[in-house]
Amino acid sequence: RDVPLRTSAVVVCSLGRRLSSWTVRCLHRACDATVRDYTPIEATISPFQEGHVRWRRRRALMLLASLWQAGRAFPIEREDADACEEACDLDLLMPLLKLPAI
């Protein structure tokens, strides 16, 4: 692809890995980023990063589901939940579970 002559930055490609194979995807996206301002590059690559954003949002729930299925996460008793809630300042999910010692 042709890139405009007055472009200050070009995102040429993206490198990714799925399981054990690597892929290179050609992007050729022009933007007005500079060394002092990477914001245009971040805006240019954000559509390609969307899968990673979704994973970061779902990660805790996916971990919880796999621990539950593996028999490594269990609901805690109600009296334990109150004690844990007072003692722990954790995310919403963590006071709901008790992970057994391995």
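Whatever comes next refers back to the structure up there.
### Notes on the overall build of the chain
For the chain, the count of helices and strands is two helices and four strands. For the chain, the sequential pattern of α-helices and β-strands runs β-β-α-β-α-β. Among the 102 residues that make up the chain, the fraction classed as buried is 15%. Counting contacts in the chain only where the partners sit at least 6 residues apart, residues at least 24 apart contribute 34% of the total. For the chain, the accessible area works out to roughly 9000 Å², and carbon and sulfur atoms hold 56% of it.

### Quick notes on helix H1 (residues 39-69)
At Pro47, H1 shows its maximal kink, close to 65 degrees. Buried residues of H1: Thr44, Leu64 and Leu67, and no others. The first or second residue beyond H1 is Gly71, which carries a positive phi of 75 degrees.

### A short note on a nonpolar patch on the surface
A cluster of nonpolar side chains, namely Leu15, Trp22 and Val24, defines an oily patch on the protein surface of about 380 Å² accessible area. Mapping Trp22 onto the fold places it in strand S2 (residues 21-31). What makes Trp22 exposed here is its relative accessible area of 55%.

What counts, and at which threshold
- Residues numbered from 1 in each chain as written.
- Predicted model: local features only at pLDDT ≥ 70, side-chain atom pairs only at ≥ 80, totals over all residues.
- Heavy atoms only, no water.
- Helix = DSSP H or I, 4+ residues; strand = E, 2+ residues; numbered from the N terminus.
- Buried < 20%, exposed > 50% of the residue type's maximum accessible area, 1.4 Å probe, protein only.
- Contact = heavy atoms within 4.5 Å.
- Areas by Shrake-Rupley, 256 points an atom, 1.4 Å probe, with all protein chains shown as cover.
- Bend = angle between axes of the 7 residues up to and from the residue.
- Patch = residues over 30% accessible without salt bridge, like charges linked within 9 Å, V, L, I, M, F, W, Y side chains within 5 Å.
- Salt bridge = Lys/Arg side-chain N within 4 Å of Asp/Glu carboxyl O.

These values are about where atoms sit, not about what they do.
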